[in-house]
Amino acid sequence: MSIHELIEKEIKRQRETLMLIPSENYTYPEVRAAVGSPLMHKYSEGYIGKRYYQGNEIIDEIEGLAIESAKKLFGVPHANVQPYSGSPANSAVLMGLLNPGDVIMGLNLSSGGHLTHGHPTITFSGKFFKSIQFGISKDGTFNFEEIENLVKQEKPKLLILGTTAFPRVLDFEKFASVFPKDVILVADISHIVGLVIAGEHPSPVPYFDVITTTTHKMLKGPRGAMIMVTKNGLQKDADMGKKIDKAVFPGLQGGPHDNTTAGIALALEKAGSSEYKSYAHQVVLNAQSLSSKLISLGFELVTGGTDNHLLLIDLRNMNVTGKEAAVALEKAGIVTNANSVPFDDKGPFNPSGIRMGTPAVTARGMKEQEMEKIALWIHEVVQSIADDNKLGEIRTKVISLCEAFPVDF
Ligand code: DSN
C-alpha cells in the first residue's frame, strides 16, 4: 500500500473511532496547514535576532508571535517554544539547571507521573541524576507529611511534578509549601494545560519556577512543547531562562521546527478565546459524566472519580486485564490505552487498568448524553470480551455516533 493510501486509511480510522486516549486530540485545520507549509524548508538554529543562518526575518516574527502568546496566556516573563516534544523539553530543563548527579524528586509512574520525572532505571532523568520518587497513598491522595520528610532527608535540588494518569487536582500551592525556597520547582502541565488556561484547574504559575507543556494534547496544537519560566523562577535565578534556552539549543537540539512553531502560535491564539474556555469546561463535564455512568455500571475508578479530563479504571473486579479490555474496546471502535493503576500487582505490558479521557470526543462536539452511551458500550465490551459478533455490533453503533459528530478533516 502506498503512503498516500495509508494516510487515507488512518484518516478513516480517526473519523470512525472514538479517540479516548486522554493525551490525543484533533488539531485545527489552520494548524495542519501551518505544519504542512513550506516553513518546514527553513533552518534557523539560534533564537530571534541571533540565528546561525540568513533568511530568518519572517521566522523571527513567527517565533516572536508564539512566544508573546505563551507569555500572555500563562502570565510568565519567559517562554521557549522550540522543544521538539515533552520529553526533550523536560530533558532541557534538567540539563540546563542541574549538574549530573544532583538530586531530583518526582512522582512515580505507577502513581500517574511520567518517565522523564525521574524514572530510576530507563530514562536519562534517573540515570544522570539521583532520583527520589514518591507516590500517591492507597486512597489516591498525597501524604504531604511523608513527602516533606523525604525532602528533609534527601535534600533535592529540583522537583519535577506532573501527571499522565492522575484524575484529581494537583495542589501546586501545597507542593510548593513543603519544599525549601531554594529548590527549583518544575511543573509539567502537559496533560492539564487546557484546564489551566481555562481556569478549570489551579495554575502552578504563582508557586512554581518553570512550567513545561506539550502542545498537542488538550491545547490542540501540533506535536511540540514549550518551556516557560515564571517570575518566581527569574527571582530565584535571573539567568534561568537563558540557561534553559542554551540547553534546548545548542545543548540538546538543532534547528527548531519552524512549521511547528507557527502551529503552536495559532493554537495558543485559539486557546485564549471564550470558545476554548467552554470547550475545556465541557471536557471536565464529559469526564465526570463518563465516570459516574461507569461507576453506576460497577466499574472501580482510581480515586473514585475525576476532577479533570481523564479517568483510570481498575479492572481487577471485572476479572479482565487492561490489555485485554483495550484490545476488545478497539475492536468495538473505542480506542483507549492499558495503564498501570497505583499498587498494581501486574506488569506494565499487561497492567490492571485502562486510562480514558475526553479531550478528543469533546472536540467532536459530544456532550454528557453521548458519554453515557459510550459508558454503556464500554460495559458491554468488558462483559463480552471474546464475543467478536457482539464487538462488531457495538462497532456499528460507534461508527453511527462518529458520523453524527464529524471531525473537520
Ligand atoms: N504519551 C503521553 C501520554 O499518553 O500521556 C505522555 O508522554
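What comes next concerns the included structure. (Residues numbered from 1 in each chain as written. Predicted model: local features only at pLDDT ≥ 70, side-chain atom pairs only at ≥ 80, totals over all residues. Heavy atoms only, no water.)

### With respect to the site of the ligand
Phase 1: As a structural note, the neighbourhood of the ligand is formed by S23, H114, T164, H191, K217 and R355.
Phase 2: At 2.6 Å from an oxygen atom of the ligand is found a side-chain nitrogen or oxygen belonging to S23.
Phase 3: When grouped by side-chain class, the residues that make up the shell around the ligand number no nonpolar, 4 polar and 2 charged. (Near = heavy atom within 4 Å. Polar contact = N/O pair within 3.5 Å; in protein donor to acceptor, adjacent residues only side chain to side chain. Nonpolar A, V, L, I, M, F, W, Y, C, P; charged D, E, K, R; others polar.)

### Overview of the pairing of strand 9 (residues 210-214)
Phase 1: Counted residue by residue, strand 9 has 5 buried out of 5 residues, so it is predominantly covered.
Phase 2: Of the two faces of strand 9, the one lined by V210, T212 and T214 and the one lined by I211 and T213 are each fully buried.
Phase 3: By the bridge criterion, 3 bridges tie strand 8 (residues 184-188) to strand 9 in an arrangement that is parallel. Paired with V186 across the strands is V210, a residue of strand 9.
Phase 4: Sheet topology note: the strand 9/strand 10 (residues 225-229) ladder contains 5 bridges and is antiparallel. Bridge pairing links T213 to M226 in strand 10. (Buried < 20%, exposed > 50% of the residue type's maximum accessible area, 1.4 Å probe, protein only. Helix = DSSP H or I, 4+ residues; strand = E, 2+ residues; numbered from the N terminus. Pairing = 2+ DSSP bridges.)

### With respect to the side chain of S23
Phase 1: Note on placement: S23 falls in the loop between strand 1 (18-19) and helix 2 (29-35).
Phase 2: Its relative accessible area of 17% is what places S23 among the buried residues.
Phase 3: In this structure the side chain of S23 is engaged in a polar contact, spanning 3.5 Å, whose partner is the side chain of R355.
Phase 4: Every residue in contact with S23, bar those within four places of it in the chain, is listed here: H191, H216, K217 and R355. (Contact = heavy atoms within 4.5 Å.)

### What to know about empty space enclosed by the protein
Taking a probe equal in size to a water molecule and rolling it over the atoms shows the remaining empty space.
Phase 1: In total, this model carries 2 cavities of 30 Å³ or more according to the counting rule given.
Phase 2: If you trace the largest cavity, you find it lined by V81, Q82, P83, Y84, R223, G224, A225, P256, H257, T260, T261 and I264.
Phase 3: If you tally residues by element for the lining of the largest cavity, the top one is helix 11 (residues 258-271), at 3 residues.
Phase 4: Split by residue class, the lining of the largest cavity holds 6 nonpolar, 5 polar and 1 charged.
Phase 5: Approximately 30 Å³ is the volume attributed to the second largest cavity.
Phase 6: Looking at the second largest cavity, the residues that line it are R13, Q14, T17, M19, E24 and V335.
Phase 7: When the residues that make up the lining of the second largest cavity are grouped by side-chain class, the tally is 2 nonpolar, 2 polar and 2 charged. (1 Å grid on protein atoms, 1.4 Å probe; cavity = no way out; pocket = protein on both sides within 12 Å on 5 of 7 lines; lining within 4 Å. Points joined across faces, edges and corners; volume = space filled by probe spheres on them.)

### Some details on the sheet that holds strand 14 (residues 337-339)
Phase 1: Strand order across the open sheet formed by 4 strands is 11-12-15-14, with antiparallel pairing between neighbours. Pairing within the sheet leaves two strands with one partner each, and these edge strands are strand 11 (300-301) and strand 14.
Phase 2: With 2 bridges joining them, strand 11 and strand 12 (residues 310-314) adopt antiparallel strand pairing. The residue of strand 12 that forms the bridge with E300 is D314.
Phase 3: Against the sheet, helix 12 (residues 274-296) engages strand 11, strand 12 and strand 15 (353-357), with an angle of about 20 degrees to strand 12.
Phase 4: Set on the sheet, helix 13 (residues 322-331) makes contact with strand 14 and strand 15; between it and strand 15 the angle comes to about 45 degrees. (Axes fitted to C-alpha atoms, helices over the stretch in contact; angles between N-to-C directions.)

### Things to note about the nonpolar core
Phase 1: Ranked by internal contacts, the top residues of the largest apolar core, which has 55 residues, are F142, I147, F175, F179 and F208.
Phase 2: The contacts of F208, once residues within four sequence positions are left out, are L159, L161, F172, F175, A176, L185, V186, A187, T230 and N232.
Phase 3: One finds A325, I374, W377 and L391 within the second-largest nonpolar core, a separate group that totals 35 residues. (Core = buried A, V, L, I, M, F, W, Y, C linked by side-chain atoms within 4.5 Å.)

### Considering the layout of surface pockets
Phase 1: The volume enclosed by the second largest pocket comes to roughly 400 Å³.
Phase 2: Along its surface, the second largest pocket is lined by 19 residues, and Y47, I48, K50, H78 and D245 are the ones closest to its centre.
Phase 3: Of all elements in the fold, only strand 2 (46-47), helix 3 (57-74), strand 4 (78-80) and helix 10 (240-252) reach the threshold of two or more residues within the lining of the second largest pocket.
Phase 4: Looking at the lining of the second largest pocket, the element that brings in the most residues is helix 10, giving 5 residues.
Phase 5: Classifying every residue of the lining of the second largest pocket by side-chain character gives 9 nonpolar, 4 polar and 6 charged.

### A few points about the sheet that holds strand 5 (residues 103-107)
Phase 1: An order of 4-10-9-8-7-5-6 is seen for the 7 strands of this open sheet, with the pairing classed as mixed. Unpaired on one side and paired on the other, strand 4 and strand 6 (130-134) mark the two borders of the sheet. Strand-to-strand, the axes of this sheet are offset by a mean angle of 20 degrees, without reference to chain direction.
Phase 2: Two strands pair when backbone bridges link them, and strand 7 (residues 158-162) and strand 8 are joined in this way by 5 bridges, in the parallel orientation. Looking across to strand 8, one finds that G162 is bridged to D188.
Phase 3: Helix-sheet contacts for helix 4 (residues 86-97) involve strand 5, strand 7, strand 8, strand 9 and strand 10, and the interaxial angle to strand 9 is about 160 degrees.

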